[in-house]
Amino acid sequence: MAGFSRVASRLYALFTRNPSTARVVVEQARLQPNDRVLEVGCGAGGAVDLAAQALGPDRVAAVDPSPTFVEMVSRRVPGADIRVAGAEDVPFDDQRFTVIFSVASMHHWDDRAAGLATLITKLAPGGRMLIAERLLKRPGHGITPAQLAEVEAELAELDQIGIHTVERKAGWRQLAIIRSTRPLAAA
Ligand SMILES: C[S@@+](CC[C@H](N)C(=O)[O-])C[C@H]1O[C@@H](n2cnc3c(N)ncnc32)[C@H](O)[C@@H]1O
């Protein structure tokens, strides 16, 4: 589980207090009052903050491998449950969340397949997952069309349904948001 170092976390936070990517993804999550939300790889906590404003902090949780980010977000959003962990080892009960999202984080995960498989176990039946990455032409800090197709195929292998990608502008970035839903009951 590799996260940002203490210095990298502090520098990153300086430049991403209120990123448009967080706003776009939280809007796309179409949160409902009863939702229980998990963000994976929360960084400085822009999206956690927005979700907590919409639902109340007690309905919002997040993980990030960087203890610096976890400390920062715990202070920024008191009452939200923020823990040190990666996508591959999320320390919450299975089926706890109705919404799980991740913003610009998946390309950092040590093991994408293990991360996706873990997250799906944390989704309640009928729960939705949104994975957002910057759309790129070449592999880098984001996702290429070929990688998008791989992730969609991995989600299908994991029995997610309604798998599709929407593209949205967030500032100067073009975001790809891969949406999928956990079926209500096993087929
Ligand atoms: C580019 S930052 C994005 C942070 C935030 N979501 C945002 O949009 O500003 C990537 C984040 O992914 C986290 N990360 C790195 N490895 C991870 C892993 N295995 N699982 C979950 N998050 C991870 C980093 O610590 C960092 O906070």
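Residues numbered from 1 in each chain as written. Predicted model: local features only at pLDDT ≥ 70, side-chain atom pairs only at ≥ 80, totals over all residues. Heavy atoms only, no water.

### Looking at the overall build of the chain
Put simply, the rule reads: The secondary structure listing takes helices from DSSP runs of H or I that are at least 4 residues long and strands from runs of E that are at least 2 residues long, numbered from the N terminus. Radius of gyration means the value over C-alpha atoms here, while the globule rule gives 2.2 Å times the residue count to the 0.38 power.
Along its length, the chain carries 6 helices and 7 strands. Listed N to C, the secondary structure of the chain is α-α-β-α-β-α-β-β-α-β-α-β-β in terms of helices and strands. In terms of overall size, the chain behaves like a compact globule, its C-alpha atoms giving a radius of gyration of 15 Å where 187 residues would be expected to give roughly 16 Å. Oriented by its inertia axes, the alpha-carbon framework of the chain measures out at about 45 × 40 × 30 Å.

### Considering the pairing of strand β5 (residues 123-134)
Let me state the cut-off plainly: Using a 1.4 Å probe on the protein chains alone, a residue whose accessible area is under 20% of its type maximum counts as buried, one over 50% counts as exposed, and one in between counts as partly exposed. Strand pairing is assigned whenever DSSP identifies at least 2 bridges connecting the two strands. If you view a crossover with the strands going away from you and the path from the first strand over the helix to the second runs clockwise, you call it right-handed.
In terms of residue burial, β5 counts as a mostly covered element, since 9 of its 12 residues are buried. Sheet analysis places strand β4 (residues 97-103) next to β5, joined by 6 bridges and oriented parallel. Looking at the pairing, Phe101 lines up with Leu130 of β5. Since β4 and β5 lie parallel, the crossover through helix α5 (residues 112-122) that links them has a hand, and here it is right-handed.

### Brief notes about the sheet that holds strand β3 (residues 81-84)
Quick reminder of the rule: Here an axis means a line fitted to C-alpha atoms, over the contact stretch when the element is a helix, while the angle between two N-to-C directions is reported on a 0 to 180 degree scale.
Across the sheet, which stays open at both edges, the 7 strands sit in the order β3-β2-β1-β4-β5-β7-β6 with mixed pairing between neighbours. For this open sheet the edge positions go to β3 and β6 (161-170), each flanked by a neighbour on one side alone. On average, each strand axis in the sheet is tilted by 15 degrees relative to the strand beside it, whichever way the strands run. Note: β6 against strand β7 (residues 173-181), 8 bridges, orientation antiparallel.

### Examining the side chain of Thr98
What counts here: Polar contact is defined as a pair of N or O atoms within 3.5 Å, subject to the rule that within protein one atom must be able to donate a hydrogen and the other to accept it, and that residues adjacent in sequence are counted only when both atoms are side-chain atoms. Contacts are assigned to residue pairs that have any heavy atoms within 4.5 Å of one another.
Within the element layout of this structure, Thr98 appears in strand β4. At a separation of 2.8 Å, a polar atom in the side chain of Thr98 contacts the main-chain amide nitrogen of Arg36. Residues contacting Thr98, with those up to four places away along its chain left out, are Asp35, Arg36, Leu123, Ala124, Gly127 and Arg128.

### A short note on the packing of aromatic side chains
Stated precisely, the cut-off is as follows: Here a Phe, Tyr or Trp ring, Trp counted by its six-membered ring, pairs with any other such ring whose centre lies within 6.5 Å, and the pair is stacked when the planes are under 30 degrees apart, edge-to-face when over 60, and tilted otherwise.
Within the structure shown, the criterion is met by 2 aromatic pairs. With a centroid separation of 5.3 Å and 85 degrees between ring planes, the pair formed by Phe92 and Phe97 is classed as edge-to-face. Note on Phe92: relative accessible area 4%, which makes it buried. Looking at Phe97, the relative accessible area reads 1%, which means it is buried.

### Overview of the nonpolar core
The following threshold applies: Residue types Ala, Val, Leu, Ile, Met, Phe, Trp, Tyr and Cys, when buried and joined through side-chain atoms within 4.5 Å, form a set referred to as a nonpolar core.
Leu31, Val48, Ile82, Phe101 and Ile177 are the most contacted members of the largest nonpolar core, which has 29 residues in total. The set of elements that each furnish at least two residues to this core consists of α2 (20-29), α3 (46-55), β2 (60-64), α4 (67-76), β4, β5, β6 and β7. Residues contacting Ile177, with those up to four places away along its chain left out, are Val24, Val25, Gln28, Leu130, Ile131, Ala132, His164, Thr165, Val166 and Arg168. Counting residues in each nonpolar core, the second largest holds 24 residues, with Phe97, Met129, Ala176 and Ile178 among its members.

### As for the UniProt feature "domain: Methyltransferase type" (unreviewed entry) in the chain
Definition in use: UniProt positions are given in the numbering used here, feature names are shortened, and annotations may be inferred rather than shown by experiment.
Annotation from UniProt places "domain: Methyltransferase type" (unreviewed entry) at residues 38-131. The span residues 38-131 is 33% helix and 30% strand, and its two end C-alpha atoms sit 12 Å from each other.

### Here's the deal with α3
Within α3, 7 of the 10 residues are buried, leaving the element largely enclosed by the surrounding structure. Where α3 is concerned, the buried positions are Gly46, Ala47, Val48, Asp49, Ala51, Ala52 and Leu55. Elements that come into contact with the buried residues of α3 comprise α2, β1 (37-40), β2, α4, β3 and β4.

### Brief notes about the environment of Leu123
When you line up the elements, Leu123 lands in strand β5. Residue Leu123 is classed as buried on the basis of its relative accessible area, which comes to 0%. Once the C-alpha coordinates of Leu123 and Arg96 are considered, the two residues, 27 residues apart in sequence, prove to be 6.1 Å apart. The residues touching Leu123, leaving out its near neighbours within four places in the chain, are Gln95, Phe97, Thr98, Val99, Ile100, Arg128, Met129, Gln160 and Arg182.

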